[in-house]
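Close look at the chain arrangement
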Amino acid sequence: MKRQVPGLYGATQRGDSDLEGLFLVRVDNVFYRWHPQKPFFALSLSILEPAEYAGRTISGRLYSTPKALWKLNWFLRDFGYDTDLLGRDEIDERALVGLRGIVQVSHTRLSGRSFLNLERFAPASDWEEVTTALIHSPGQEQGHDL
């Protein structure tokens, strides 16, 4: 039996592989995934700004190994995570849903596969300042530096 699935072909063309730069995002889902060497939090982020990307989703990982805790902490602080929970070294996945912030996204190719990197973070309140600074910075590519 054949089925018509509108938008199926476009979904492969419109994946997150072409998304690079700075985005104002909202956390939609967070799941902790245990792995013997590299436990991580799987994130699903909805893009709010820039407007031409609004509604698209970015999926990425933040590792929770001792070596990577600095980046997880940076994400939590800049996205406005509860400081009491953070002070007790606790992460409540439900408390993360709905948090907003700025993320810089890039891609790395390794063995023919593309991997999304969550490079940098900033508070959502800095969105206007960051985008204004990028527009008025001569010689700088838009979306590649906080």
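We now turn to the structure provided with this report. (Residues numbered from 1 in each chain as written. Predicted model: local features only at pLDDT ≥ 70, side-chain atom pairs only at ≥ 80, totals over all residues. Heavy atoms only, no water.)

Further remarks concern unusual backbone geometry. Residue proline 50 is bonded to the preceding glutamate 49 through a cis peptide linkage, with omega at 0 degrees. Here proline 50 lies in the loop between strand 2 (40-49) and strand 3 (57-63). Its identity is not glycine, yet aspartate 89 carries a phi of approximately 60 degrees, on the positive side. Note on placement: aspartate 89 falls in the loop between helix 3 (83-87) and helix 4 (93-96). For aspartate 89, a relative accessible area of 73% corresponds to the exposed category. (Helix = DSSP H or I, 4+ residues; strand = E, 2+ residues; numbered from the N terminus. Buried < 20%, exposed > 50% of the residue type's maximum accessible area, 1.4 Å probe, protein only.)

Another aspect to go through is helix 5 (residues 127-135). Among all positions of helix 5, only Trp127, Val130, Thr131 and Leu134 are buried. In a view along the axis of helix 5, the buried residues occupy a sector of 90 degrees, so they form one face of it. Set apart from the buried face of helix 5 by more than 90 degrees, the exposed residues are Glu128 and Glu129. Buried positions along helix 5 lie against strand 1 (21-33), strand 2, strand 4 (100-110) and strand 5 (113-123). (Arc of directions from axis to C-beta. Contact = heavy atoms within 4.5 Å.)

Volume-wise, the largest pocket comes out at about 520 Å³. Residue lining of the largest pocket: 18 residues in total, with Lys38, Arg61, Tyr63, Leu116 and Asn117 positioned closest to the centre. Among the elements of the structure, strand 3, helix 2 (69-78) and strand 5 are those that each provide at least two residues to the lining of the largest pocket. With 6 residues, strand 5 is the largest single contributor of residues to the lining of the largest pocket. Partitioning the lining of the largest pocket into residue classes produces 8 nonpolar, 5 polar and 5 charged. (1 Å grid on protein atoms, 1.4 Å probe; cavity = no way out; pocket = protein on both sides within 12 Å on 5 of 7 lines; lining within 4 Å. Points joined across faces, edges and corners; volume = space filled by probe spheres on them. Nonpolar A, V, L, I, M, F, W, Y, C, P; charged D, E, K, R; others polar.)

As for its position among the elements, aspartate 126 is in the loop between strand 5 and helix 5. Through-space distance from the C-alpha of aspartate 126 to that of aspartate 78 is 10.0 Å; in sequence the pair is 48 residues apart.

The next point concerns the nonpolar core. The biggest cluster of nonpolar side chains holds 24 residues, and the ones touching the most others in it are Ile58, Phe75 and Leu118. Among the secondary structure elements, those contributing two or more residues to this core are strand 1, strand 2, strand 3, helix 2, strand 4 and strand 5. Core analysis: the second largest hydrophobic core is formed by 7 residues, Leu24, Ile102, Ala122 and Trp127 among them. (Core = buried A, V, L, I, M, F, W, Y, C linked by side-chain atoms within 4.5 Å.)

A separate point is the packing of aromatic side chains. All chains considered together, the criterion is met by 8 aromatic pairs. Between tryptophan 70 and tryptophan 74, the aromatic rings sit 6.0 Å apart at their centres with planes inclined by 25 degrees, giving stacked as the arrangement. Remark: tryptophan 74 and tryptophan 70 occur in helix 2; sequence separation between them is 4 residues, near one turn of the helix. The exposure class of tryptophan 74 is partly exposed, given its relative accessible area of 22%. Note on tryptophan 74 and phenylalanine 121: the rings are 5.5 Å apart at their centroids and 85 degrees apart in plane angle, and the pair reads as edge-to-face. Of the two residues, tryptophan 74 is situated in helix 2 and phenylalanine 121 in strand 5; the sequence distance between them amounts to 47 residues. Pairwise contacts between aromatic rings join Trp70, Trp74, Phe75, Phe79 and Phe121 into one cluster. Positioned above the aromatic ring of tyrosine 63, the side-chain terminus of lysine 38 is 4.9 Å from the ring centre. (Phe/Tyr/Trp six-rings, centres within 6.5 Å; stacked < 30°, edge-to-face > 60°. Lys NZ or Arg CZ within 6 Å of the ring centre and 35° of its normal.)

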